[in-house]
Amino acid sequence: GQPCDKELRFVASGPDEALALIRDVTERKLGERAKDAFIATVSHELRTPVTSIRGSLSLLEHGMVGPLPEEALEMVRISRTNTERLLLVINDILDLEKLSAGQLDLSLRPVEPARVMKTAAESIRGMAAQAGVEVVVGDCAGAPVLADEARVIQVLNNLLSNAIKFSPRGARVDLSAEPGACGRLRLCVTDRGPGIAPEHHARVFERFHQVDASDSRERGGTGLGLAIVKSIVEEHGGVVGLDSAPGRGSKFWFELPCAGAAVKP
Ligand code: ADP
């Protein structure tokens, strides 16, 4: 009869719908995880042969196997540069995979901000010189942060190399520190490049997002750098942000918990 039907429908549609929804999400998540794991496996398998190719090309380029005609040498150089680019992409993908699987082991210690700022600026000096950009490290009287030093340097490197890539020749890039929210320290990388329109501010931190499709061709890059920055910073219990507008340069920043702070947000 009617009442029973209704009840049946209620029983059948209520919990079933909820169940279907749960199953749906689970399947999607399993699919995403399988895809991430597949990409990670392929990247891992590619790393060894690509590293070996780079080694051989490097030997050829440096004349270790005998002199090469200029034209052949130029081809070897191009191949070596592209192999290096490929390796960067592979390493970025592997880093992201570890981050999304929560397998990136951070070794958290009190880290002097002034020291990591100096180290990161030094390590990027060659690239800056080539681009005719001056990297200026500001004073930092900030308290130590609780962080994995090598990962903080990786984050700063990614932000500095973007800032340099997008700077006009002769421009300056500033690396500075200031107090952040909730007892955190904020590290900032400021450039005088083209700037970024507000609608792209959140999306530039997503994987593979590039504001301009020609960026990867002209400036090199994978669209993974900022996704890695965000994951590493969030893994530390920190936050990332961007102040920028077209024609006004960009200020990328991130905040890390201070070593003395009692509670992590
Ligand atoms: P990649 O630099 O490898 O393309 P990122 O994740 O580091 O990837 O950056 C994503 C995109 O964000 C870049 O392609 C570019 O469009 C934009 N972007 C990043 N940094 C800057 C910057 N300093 N100035 C202008 N645009 C930037």
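Residues numbered from 1 in each chain as written. Predicted model: local features only at pLDDT ≥ 70, side-chain atom pairs only at ≥ 80, totals over all residues. Heavy atoms only, no water.

Time to look at the overall build of the protein. When its secondary structure is counted, the protein shows seven helices and seven strands. From first element to last, N terminus to C terminus, the protein shows the α and β order α-α-β-α-α-β-β-α-β-β-α-α-β-β. Expressed as a percentage of its 265 residues, the buried residues of the protein come to 36%. For the protein, restricting intrachain contacts to residue pairs at least 6 apart in sequence, the fraction spanning at least 24 positions comes to 71%. Summed over its atoms, the accessible surface of the protein is roughly 15,600 Å², and 56% of this surface lies on carbon and sulfur atoms. (Helix = DSSP H or I, 4+ residues; strand = E, 2+ residues; numbered from the N terminus. Buried < 20%, exposed > 50% of the residue type's maximum accessible area, 1.4 Å probe, protein only. Contact = heavy atoms within 4.5 Å. Areas by Shrake-Rupley, 256 points an atom, 1.4 Å probe, with all protein chains shown as cover.)

This paragraph deals with the confidence of the model for the protein. The predicted model of the protein averages 85 in pLDDT, with 85% of residues at 70 or higher. Here residues 1-12 is a poorly scored stretch, pLDDT under 50, and it has five contacts once near neighbours within four places are set aside; other chains count. (pLDDT = per-residue confidence, 0-100.)

Their axes nearest at 10 Å, the elements helix H2 (residues 70-100) and helix H7 (residues 225-235) cross at an angle of 30 degrees. One element, H2, and the other, H7, form an angle in the roughly parallel class. Read as a crossing pair, H2 and H7 show a hand that is left-handed. For the pair formed by H2 and H7, the contact residues are Asp-92, Asp-95, Leu-96 and Leu-99 on the first element and Gly-225, Ala-227, Ile-228, Ser-231, Ile-232 and Glu-235 on the second. (Axes fitted to C-alpha atoms, helices over the stretch in contact; angles between N-to-C directions. Parallel < 35°, antiparallel > 145°, perpendicular 65-115°, else oblique. Left-handed = near helix turned anticlockwise from the far one by under 90°.)

What follows is about unusual backbone geometry. One non-glycine residue, Cys-182, adopts positive backbone phi at about 50 degrees. Topologically, Cys-182 is positioned in the loop between strand E4 (172-179) and strand E5 (184-191). The exposure class assigned to Cys-182 is exposed, which follows from its relative accessible area of 56%.

Compared with the 45 Å implied by 1.5 Å per residue over 31 residues, the 45 Å span of H2 between its first and last C-alpha is a close match. The positive-phi residue at the C-terminal boundary of H2 is Gly-102, with phi of around 65 degrees. (Expected span 1.5 Å × (residues − 1).)

One can describe the packing of helix H3 (residues 113-123) onto helix H5 (residues 149-165) by two numbers: an axis separation of 9 Å at closest approach and a directional angle of 50 degrees. Overall, the two elements H3 and H5 adopt an arrangement that is oblique. The handedness of the crossing between H3 and H5 comes out as right-handed. Mapping the contact onto sequence places Arg-115, Val-116, Met-117, Thr-119, Ala-120, Ala-121 and Ser-123 in H3 and Glu-149, Val-152, Ile-153, Leu-156, Asn-157 and Leu-160 in H5. In terms of residue class, the contact of H3 with H5 is made up of eight nonpolar, three polar and two charged. (Nonpolar A, V, L, I, M, F, W, Y, C, P; charged D, E, K, R; others polar.)

Below, the discussion takes up a nonpolar patch on the surface. On the surface, Phe-38, Ile-39, Val-42 and Leu-46 cluster together to form a nonpolar patch covering roughly 340 Å² of accessible area. Mapped onto the elements, Phe-38 comes out in helix H1 (residues 2-61). In this structure Phe-38 comes out as exposed when scored by relative accessible area, which is 57%. (Patch = residues over 30% accessible without salt bridge, like charges linked within 9 Å, V, L, I, M, F, W, Y side chains within 5 Å. Salt bridge = Lys/Arg side-chain N within 4 Å of Asp/Glu carboxyl O.)

Bringing the environment of His-62 into the picture now. Looking at the secondary structure, you find His-62 in the loop between H1 and H2. Between the C-alpha atoms of His-62 and Thr-48, which are 14 residues apart in sequence, the distance is 21 Å. At 2.8 Å, the side chain of His-62 and the backbone oxygen of Ser-58 are in polar contact. (Polar contact = N/O pair within 3.5 Å; in protein donor to acceptor, adjacent residues only side chain to side chain.)

Moving on, we come to the environment of Val-50. The topology assignment puts Val-50 in helix H1. Setting aside anything within four residues of it in sequence, one finds Val-50 in contact with Thr-83, Leu-86, Leu-87 and Ile-90.

Our focus in this paragraph is the packing of aromatic side chains. Going through the model one piece at a time under the given rule, you end up with one aromatic pair. Across from the ring centre of Trp-253, 3.5 Å away, lies the NZ or CZ of Arg-186, which sits over that ring. (Phe/Tyr/Trp six-rings, centres within 6.5 Å; stacked < 30°, edge-to-face > 60°. Lys NZ or Arg CZ within 6 Å of the ring centre and 35° of its normal.)

This next bit is on the side chain of Asp-191. Inspection of the secondary structure puts Asp-191 in strand E5. We note that Asp-191 is buried and unpaired, the nearest opposite charge coming from Arg-192 at a distance of 7.2 Å. Looking at Asp-191, its side chain comes within polar contact range of the main-chain nitrogen of Gly-193, at 2.8 Å. When near neighbours in sequence (up to four residues on either side) are disregarded, Asp-191 contacts Ala-163, Ser-167, Arg-172, Val-173, Gly-249 and Ser-250. (Lys, Arg positive; Asp, Glu negative; His and termini not counted.)

Summed over all chains, the structure comprises 15 salt bridges. One salt bridge connects Arg-80 with Glu-84, and the closest N-O pair in it is separated by 3.1 Å. Residue Arg-80 and its partner Glu-84 are located together in helix H2, separated by four residues, close to a single helical turn. Of the charged contacts in the structure, one is a salt bridge between Arg-192 and Asp-174, with a shortest N-O distance of 2.8 Å. Note that Arg-192 is positioned in the loop between E5 and helix H6 (214-219) and Asp-174 in strand E4, a separation of 18 residues in sequence. One salt-bridge network, in which partners are shared between bridges, spans Glu-61, Glu-70, Glu-74, Arg-77, Arg-80 and Glu-84.

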